[in-house]
Amino acid sequence: MNTKNCLKYRNADGKVWSIIYNHPLRQDSSGKKGRLMRRSLGTTDSKVAEELVCEMKELLSNESLWNETGRHEAETKYDSIIISAFYDSINPQISNGDTISIRENLLPLPSIDDGYNRILIMGKTGAGKTTLLQHLIDTASDKFPLTASSRGTVSDLEVIVAEGAYKAVVTFFSKDRVRDFVQECVYNAILKDSDNKKDIFDSFSTTEEGFRLEFIIGKYSPNDDQRENNVNQYLEIIIQIKNKFKELTQKDPDKYLSDNDYSETYREEVYEDLEFKSIVEDILMEFIEKFENINKGFLNKNQEDWPLYWEIETKNRAEYFESLRIFSGNYYTLWGQLLTPLVQGMRIQGPFNSKISIGKLPKLVYIDGQGLEHRNDVPVEVIPKKLENMFGSVDKILLVDGAKNSMTGSAKYALGTVIRDGYKDKLIIAFTQFEQIDDPSYEGIEELRKAQVDRTLTAALTMLKQEIGTLTVNSYEREFKNRCFYYSHLNKEYSSMERTREQYKEQLTRMFSLFQSKNIIPDLDNFKPNYDKEKFSGEVHIAIERFHLLWDMRFYGRPENRYSTSLEGSHKKEHWKRMWAFNNRVAEFNLNGYLHLTPVTELSSNIKNSISRCLEKPIGWKPSEPKDEDKVNFIGLVINKVIDQMDSYIENEMIKNQKEYWKQAFHHSGRGSALLRATTIDHMIYDHVAPLKVSSANWREFLDKVWSIVNNSIDSVSESIINQSLEEPIEPSNFIVDKFNE
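Residues numbered from 1 in each chain as written. Predicted model: local features only at pLDDT ≥ 70, side-chain atom pairs only at ≥ 80, totals over all residues. Heavy atoms only, no water.

(A) Structural detail: the packing of helix H7 (residues 197-204) against helix H9 (residues 231-251). Taken N-terminus to C-terminus, the directions of H7 and H9 make an angle of 95 degrees; their axes are 10 Å apart at the nearest point. Put simply, H7 runs roughly perpendicular to H9. Together, Lys197, Ile200, Phe201 and Phe204 of H7 and Val231, Asn232, Tyr234, Leu235, Glu236, Ile238, Ile239 and Lys242 of H9 make up the contact between the two elements. Considering only residue class, the contact of H7 with H9 consists of eight nonpolar, one polar and three charged. (Axes fitted to C-alpha atoms, helices over the stretch in contact; angles between N-to-C directions. Helix = DSSP H or I, 4+ residues; strand = E, 2+ residues; numbered from the N terminus. Parallel < 35°, antiparallel > 145°, perpendicular 65-115°, else oblique. Contact = heavy atoms within 4.5 Å. Nonpolar A, V, L, I, M, F, W, Y, C, P; charged D, E, K, R; others polar.)

(B) The sheet that holds strand S2 (residues 18-27), seen in detail. Read across the open sheet, the three strands follow the order S1-S2-S3; overall the sheet is antiparallel. With partners counted over all chains shown, the strands left at the sheet margins are strand S1 (7-9) and strand S3 (33-40), one partner each. Strand-to-strand twist in this sheet, taken as the mean axis angle between neighbours without regard to direction, amounts to 45 degrees. Contacts from helix H1 (residues 46-60) reach S1 and S2 within the one sheet, and its direction differs from that of S2 by about 15 degrees. Helix-sheet contacts for helix H3 (residues 80-87) involve S2 and S3, and the interaxial angle to S2 is about 40 degrees. (Pairing = 2+ DSSP bridges.)

(C) Here's a closer look at the packing of helix H22 (residues 628-656) against helix H25 (residues 697-722). At their nearest, the axes of H22 and H25 sit 9 Å apart, and the two run at 140 degrees to each other. Taken together, H22 and H25 sit at an angle that is classed as oblique. Note that H22 runs across H25; the crossing there is right-handed. Packed against H22, whose contacting residues are Phe634, Leu637, Val638, Lys641, Val642, Gln645, Met646 and Tyr649, the element H25 presents Phe702, Lys705, Val706, Ile709, Val710, Ser713, Ile714, Ser716, Val717, Ser718 and Ile721 at the interface. Considered class by class, the residues forming the contact of H22 with H25 number 13 nonpolar, four polar and two charged. (Left-handed = near helix turned anticlockwise from the far one by under 90°.)

(D) Representation of the pattern of salt bridges. For the coordinates displayed, the defined rule picks out 50 salt bridges. Between Lys129 and Asp368 there is a salt bridge, with its nearest N and O atoms 2.7 Å apart. Pair noted here: Lys129 is in helix H5 (residues 129-137) and Asp368 is in strand S12 (residues 364-368), with a separation of 239 residues, a long-range link. Both residues of the pair, Lys129 and Asp368, count as buried. Across the pair Arg483 and Glu479 runs a salt bridge whose closest N-O atoms are separated by 3.9 Å. Residue Arg483 is classed as buried on the basis of its relative accessible area, which comes to 14%. The partly exposed category is assigned to Glu479, whose relative accessible area is 23%. (Salt bridge = Lys/Arg side-chain N within 4 Å of Asp/Glu carboxyl O. Buried < 20%, exposed > 50% of the residue type's maximum accessible area, 1.4 Å probe, protein only.)

(E) Representation of the state of the cysteines within the structure. As enumerated under the stated definition, the model contains zero disulfides in all. Its sulfur unpaired, Cys54 is 8.5 Å from the next cysteine sulfur, which belongs to Cys6. (Disulfide = S-S within 2.5 Å.)

(F) Examining the environment of Ser406 more closely. Relative to the helices and strands, Ser406 resides in the loop between strand S13 (396-402) and helix H15 (409-420). Classification of Ser406 as buried rests on a relative accessible area of 4%. When the C-alpha positions of Ser406 and Gln452 are compared, they lie 9.7 Å apart, and in sequence the two are 46 residues distant. Apart from the residues within four sequence positions on either side, Ser406 is in contact with Asp401, Phe431, Val453 and Thr456. A distance of 2.6 Å separates polar atoms of two side chains, one belonging to Ser406 and the other to Thr456. (Polar contact = N/O pair within 3.5 Å; in protein donor to acceptor, adjacent residues only side chain to side chain.)

Following this line, the structure appears as structure tokens:
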């Protein structure tokens, strides 16, 4: 193997060395072996880095070691860093259905070590976050990414702005997960109380999670001769299954009906029906066949012929976006050709730049994921855990909200979560659809519109002071105007009005400047707070009460206990089908929730709110009380450390350690199983993980664990300040700079 490209490397401002090399077993985007790789060597010592490079050259020169058998011999000769860099890269693995590791192996995200800032974009569905992204990367004319409310999936999009060729990696949901989506589509169609094919197709085409089956199999047409798809054939089979179970229901209504609705017994027997299973597998086979139509890029499949990932690299922009259309499109005329609903994530790279930018491309990565709200009719008091988990790994957080009804619902909770978690200095807010503020008295006076939006933000911040504490919110309130942006007519490339065009340029120019600014590590003196465990205990118990009250309403439609707290918004009993789907996602797919039913995030968020309030009210500070801004910075650093530990602890206790109870709840069947499922989850899982009785051993154990997490976090921050080590050496990413690709 040629080892001339095997060398050590670090950026001009970097401290940690990496290794660059051609992997003899990894395919590039054209399917040829020899993909150029970069891996961190985990050392700042140049001599150590050179020794590790020599070890890699030896390994690359010995083909007999390039397999699992050879790995055992290699482990006796070479450093574990080299072993990991070579062997762990051979076949990117998927962990719990998460395909990020595949994208990271094939098209790594650059980090701050590469001079890049990562921008997380979040906002309510329909707020205009994806439209704003189109302006940031100038892809509106390419109709990319999707901006319609009928997006075919909730997949993530990651955009790397870089010179050179256009690249992309698309990863897909697992076959089991897609089968689950398809089963839901078919079952919904069977439940439809109509014999009209159009009505049945409407129920057949979409799931609650946004899986758009119609994108892949095509539209319904009453005329078979005009369609070349299988839709009518599927509908005929569905009608046959429908009629068969209709007869069974009429013969034994007590078995198949419950409270004027179909019972769980009905669903269980439908799912076990051979015709039902057959149509589901036929649809899955059609999906696989659709992949045969891909004639660009490189597609990798698993042993079941199910797609793992697709990638492409080209210098032709038109060809590039045309190739992506099948994975990202939603246009009506393309239904029946699209694979958009199967996409779990997409990462693209290229010279994407705004029209207003001049000169060098900004070193930015944009991350755009699902909207904050799945359903308009359900109160949302937490943001998706996946989004919150990204806060620490990104450099800026862009919250996009519509100006007309700004800072309500999930946008307010997102605002509070970012501030509470200690990331207020990363937060940027963009108010879009500014033209929809249609008060006649504001006509031509933009400052009045801005003032109205700012008032809604101030009102939201005032409410947050009660929920997460005053000091941190006050600190953000003093500076938010410098971090707010206001956009009109983003659905048009440029407004016809000169004034609006100039405002657009000014706002976008200032936003780019903020995107590229570096976060400042606070310079803190050595001080440390002390807290009263009893007061802390009371706040945490309120958090647990709020969690149980919420789930009482979902399980039973009423509180099961007397609580000292209340809930914002109206909460009602959930339909058994949604609770079944929620239980299914946890028990069968190791997920933490379904739609708005997210117990790990809800319990953790309530407790973190309590901790945030408590941290602002210590008994005292040693050796002396710091200034308010130093308090805010210290508390922010503490809550940063609390977050990961708290989320991990609650997820382990509620999901991983209770797996058998989740399965037991899921396997309840027959009449009355919905109530059995609810009581099993409520009393066997939630009562154990979030104990209400303060006299119980479970409560003492829970409180001690939370108290320990907080105190360990305080000690860790304090020690870091003493050692002046708040800023750790940055671990380089696996991003390959352009000069190595030439």
